[in-house]
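So the chains spell out like this:
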Amino acid sequence: MLPARAAVGATWGNVMAEDDEQRGRATRRVSRGWSLVAGAILAALLSTIGVTVVTQLWNKPLDIPFQYAHTPGDDEQDATLDMMLIKNVKETGWFNTNPKLNAPFRQRWAEWPMGGDLLAYTVKKGLVETTGSVPLTFNLFWLLTFPLTALVAFPVLSSLRTSWTTALVGAVLFSLAPYHFRNGVGHENLAFYVGVPIIVLACMKILGPNSSLPSVAELRHRHAWWRIRWLLLGIALIGVTGIYYLAFLLSLLLICAIVSALAHRQLGRLVMAALFGAVGLATSILANLPTLLFRWQHAANLLGVPDRRPGVSEAYPLRIVELLSPVTGHRFGPFAALADQLYEPGRQGLATAQLGLIAAIGFVVAVMAVLLSAVRVADRQGESRRGWAFEARLGMLMVAALFLGMKGGFSRALELTGLDGVRAWTRIAIVITFAGIVVFARLLDRLRVALLRHGWPHPRLAWTSVLAVVLVLGVLDQASPVLMPKPENRARQWHADDRFVASLERKLPKNAMVFQLPVVDFPEHGDILRMSAHDEIKEGYLHSKTLRWSTAGVRGRDGEWQWPASQLPMRELVRGVTAMGFSALVLDLYGYPGNGRAQLNDLIGLLGPPIAKRGDRLVAWDLRRATPSVLGTMTAPGRRTLTQQLLDAPRLYLDTDTDPIANRGDRHTICAAGSLSLVNPGRRPVSQNLEINLAQRRSGAHAGQLTINSRQVPISTHRHPNVIHVVLAPGTTKAEITVVTPGVRCASATVDSLPSVSANLTPTSVAPS
């Protein structure tokens, strides 16, 4: 009897001990969870304080956009596009369509893939609906990207074997990386790099020992999916925070999975990498459904939206010397001078890949660890937290990023898979930055162990002092004063544009249409002479409450009528847009040679004195006043006929073997072949003169041939232009140009050694022979 009671007592004791152990584990999990939450919130708070101090936010007018440049070639013109989309969201609820742009039609922005920025614009929607102000929303979002980045970086750093305190310092430094300020508000969606820590974590899991991830067999059980739930959620987050970061994730996962599979001699890592990649891709596809549906429902855009040249990844390569260079305009004079000596020729001050001192130290240590260690060695010997195997894996990830981003790197091959839209692979530097900060944080933890081991007096105070010094010096090193936003310098331009638009709105009826000259491309390629891209959006729509504007129709679509119309004599153009129902015309003189004096004189002669001016640049006329003199006694059916003639004007698109980006017939270099697309949007055949200019330049080419509608017509460099009479049926007519360029190999010929071709369509009443 006693043994039985003893056995029962022992069993009960074991059960109680197991319950106590389970409660202890649960308590530790809850405690760790609250610790992560507290650390993330503190990191976000410190990041907010940091960005407030380095930008001197208390001196900034938040109702003026942080970026509002009128500078040709400025690489921050995306700021204007961003504010346009925020205003679209404010006025229509989202940005897929906007009736205030591309008058008399509407802007259909759904064609441009925006799924990668879905989360960013969801946040902006909440901000603009709360504040009611486009520039304030624009500024606040950029400021919010700092604490949001720190909020995500802290738990990831903790997962990568850093202590609570070093993870805190690392998260703050990462949120204030040089990349953040260099992209600035001009590319504030890229500054929303909250998914980058997840990229590093996923790759480290793939490169790690077998215990770091469930096996493929374990995925049949729910607990395995529960174990990686946060990682999968983070990867889904990457799918809606930028196409660049999704491309970095997919390419780095592929490289790391291949390395890990070879090192461990297991294919399971390839399967896990495929799973992670599939989650990211599926999220991105769902986010881009509006674009996919638009393209499925509409014919292909002959101009390409977006368009990218082959080899575009070579234009913005990752440079190792740039990674380790001090930031542009460093606070410490010698460092600033050194940065000025290390920039890429022709791109002084435009570097985006500097890591900052903290991440640069981590980068060097990790790469050195790669040379001294390997994944297989770590697995065989049993990974020790005292060893450098973890740093070596981080180094492998950095080396993989280098191989992708450097000139002639793997990114060039990835263009063949459809990643040609990702052109600036130098931006993968932000992945290296986070990995470098992880390494540096672990170095700090080793320093802490050394302080405790050697019995320093007041070790807690010493450790806190070290962290404070690292944090302050790191922030000062990374945050260059020249990269800080200066809205006070933009205020004059902003208010001048605002007053100009307000004066128009006082004189024009609600929903009146305004035609803007010159006609410019959108999106991209819109800079002309002294105009920067998207200037016409700044000069009109951004400040407007009641008017509709002709600019910002997606090129290649229903706004294309403006291009042949803009080639008409000024009187015919004014007659046409007046008949179409436009109430006003705005002329930007900076978009014409000679500051637009000829165009200004023509319009004053036709329309009389302008109703509004802005400096020496913008002039506006009320077309309603000139309607009797311009249209005379034209009846309503006559106006509709004239309107339809403008809308149905034929148009032309040209591309060549050496310059495959199609345009509207402007000069292309050509080696052997070119292609013309002649579009007649009307319902009847039209007779046109096709004018082709073939220029010999420094080549040996003298002649070529045009093939259209089964006709073969010779073209020559001696005729300027070669005129071919054609009848264009409704729809698109294809024509081919062939040229013989002796003595060159087309694939490697320099631009100067090739001839060029341009084309144009003009009306004719002469029937083709």
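Refer to the structure printed above.
Residues numbered from 1 in each chain as written. Predicted model: local features only at pLDDT ≥ 70, side-chain atom pairs only at ≥ 80, totals over all residues. Heavy atoms only, no water.

As a further point, take unusual backbone geometry. At the junction of Leu 517 and Pro 518, the peptide bond is cis and its omega measures out at 0° in the coordinates. Assignment of secondary structure puts Pro 518 in the loop between β3 (513–517) and α22 (535–538). In the segment running from Phe 522 into Pro 523, the intervening peptide bond is cis, with an omega of -10°. You can see Pro 523 is positioned in the loop between β3 and α22. One non-glycine residue, Arg 697, lies in the positive phi region at around 55°. Residue Arg 697 is classed as partly exposed on the basis of its relative accessible area, which comes to 34%. (Helix = DSSP H or I, 4+ residues; strand = E, 2+ residues; numbered from the N terminus. Buried < 20%, exposed > 50% of the residue type's maximum accessible area, 1.4 Å probe, protein only.)

Our next topic: the pairing of strand β5 (residues 582–588). Counting buried residues along β5, seven of its seven residues qualify, which places the element largely inside the surrounding structure. Bridge count for β3 against β5 is five bridges, and the pairing is parallel. When the bridges of β5 are listed, Met 513 appears paired with Phe 582. Here β5 pairs with strand β7 (residues 618–622) via five bridges, running antiparallel. Residue pairing across strands places Val 586 opposite Ala 620, the latter belonging to β7. (Pairing = 2+ DSSP bridges.)

What follows covers helix α15 (residues 357–372). In a regular helix each residue adds 1.5 Å, so 16 residues correspond to 22 Å; α15 covers 23 Å between its end C-alpha atoms and thus fits that length. Those residues of α15 that fall on the buried side of the exposure criterion are Ile 358, Ala 359, Ala 360, Gly 362, Phe 363, Ala 366 and Ala 369. Those residues of α15 that are buried lie in contact with α5 (164–175), α13 (320–324), α17 (389–405), α19 (429–453) and α20 (459–478). (Expected span 1.5 Å × (residues − 1). Contact = heavy atoms within 4.5 Å.)

In this section: the state of the cysteines. Under the counting rule described, the total for this entry stands at one disulfide. Disulfide pairing is shown between Cys 671 and Cys 746; the S-S distance is 2.0 Å. Residues Cys 671 and Cys 746 are joined by a disulfide whose S-S torsion is about -75°; by sign, that bridge is left-handed. One end of the pair, Cys 671, is in the loop between β9 (668–669) and β10 (673–680); the other, Cys 746, is in the loop between β15 (731–739) and β16 (756–763), with 75 residues separating them in the sequence. Look at Cys 746 and you get partly exposed, because its relative accessible area is 33%. Summary of cysteine pairing: Cys 256 is not part of a disulfide, and the nearest cysteine sulfur, belonging to Cys 203, is at 4.0 Å. According to the relative accessible area criterion, Cys 256 is buried, its value standing at 3%. (Disulfide = S-S within 2.5 Å.)

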